[in-house]
Amino acid sequence: MSILRRHRRGVVAHDADNAFNGYTLLWPMGSHDVWLIDMQGRAVHRWRMPHPAGLHAVLLPSGNLLAACQVLH
């Protein structure tokens, strides 16, 4: 993988025929920021977490975020 490919950010391709309509919850490993993005790649909400990403996060019907964080000692 080239350096350029590793540092790409945002939506790099969108194929409407193969995409499910809705939002995507994105939490990059090592990041404290969780993003909710729309079909055009625009951030519609951001949560700032106290610890880096764990392995699971769920957006609840109430709009609250339930997330597992990595607590590093």
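Just so it is clear, the structure is predicted and the values come from calculations on it, not from any experiment.

Chemist: Could you give an account of the overall build of the protein chain, with specific residues and numbers?
Modeler: Regarding its fold elements, the protein chain presents one helix and five strands. Going from N to C terminus, the protein chain has its helices and strands arranged as α-β-β-β-β-β. Going through the 73 residues of the protein chain one by one, you find that 18% of them count as buried. Put simply, of all contacts in the protein chain between residues at least 6 apart along the chain, 20% involve residues at least 24 apart. About 6,200 Å² of surface is accessible on the protein chain, with carbon and sulfur atoms providing 55% of the total.

Chemist: I'd love a proper account of the side chain of Asp 38, names of residues and values included.
Modeler: For Asp 38, the position within the fold is in the loop between β2 (33-37) and β3 (43-48). Taking the relative accessible area as the measure of exposure, Asp 38 reaches 13% and is therefore buried. Polar contacts involving the side chain of Asp 38 include one to the main-chain amide nitrogen of Gln 40, which spans 3.0 Å. In this structure, Asp 38 is in contact with Gly 22, Tyr 23 and Val 44, ignoring residues within four places of it in sequence.

Chemist: Break down the pairing of strand β4 (residues 53-59) for me, citing the residues and quoting the values.
Modeler: Sheet topology note: the β4/strand β5 (residues 65-69) ladder contains four bridges and is antiparallel. Across the sheet, residue Leu 59 finds its bridge partner in β5, namely Leu 65. Connecting β4 to the next strand, β5, in antiparallel fashion are five residues, including Gly 63 with a positive phi near 95°.

Chemist: Break down the sheet that holds β2 for me, citing the residues and quoting the values.
Modeler: Taken in spatial order, the three strands make up an open sheet running β1-β2-β3, and their pairing is antiparallel. Each edge of the open sheet is held by one strand with a lone partner, namely β1 (24-26) and β3. Strand-to-strand twist across the sheet, computed as the mean angle between neighbouring axes with direction ignored, equals 15°. As paired strands, β1 and β2 are joined by three bridges and run antiparallel to one another. For Leu 26, the partnering residue across the bridge sits in β2 and is Trp 35.

Cut-offs used in this document
Residues numbered from 1 in each chain as written. Predicted model: local features only at pLDDT ≥ 70, side-chain atom pairs only at ≥ 80, totals over all residues. Heavy atoms only, no water. Helix = DSSP H or I, 4+ residues; strand = E, 2+ residues; numbered from the N terminus. Buried < 20%, exposed > 50% of the residue type's maximum accessible area, 1.4 Å probe, protein only. Contact = heavy atoms within 4.5 Å. Areas by Shrake-Rupley, 256 points an atom, 1.4 Å probe, with all protein chains shown as cover. Polar contact = N/O pair within 3.5 Å; in protein donor to acceptor, adjacent residues only side chain to side chain. Pairing = 2+ DSSP bridges. Axes fitted to C-alpha atoms, helices over the stretch in contact; angles between N-to-C directions.

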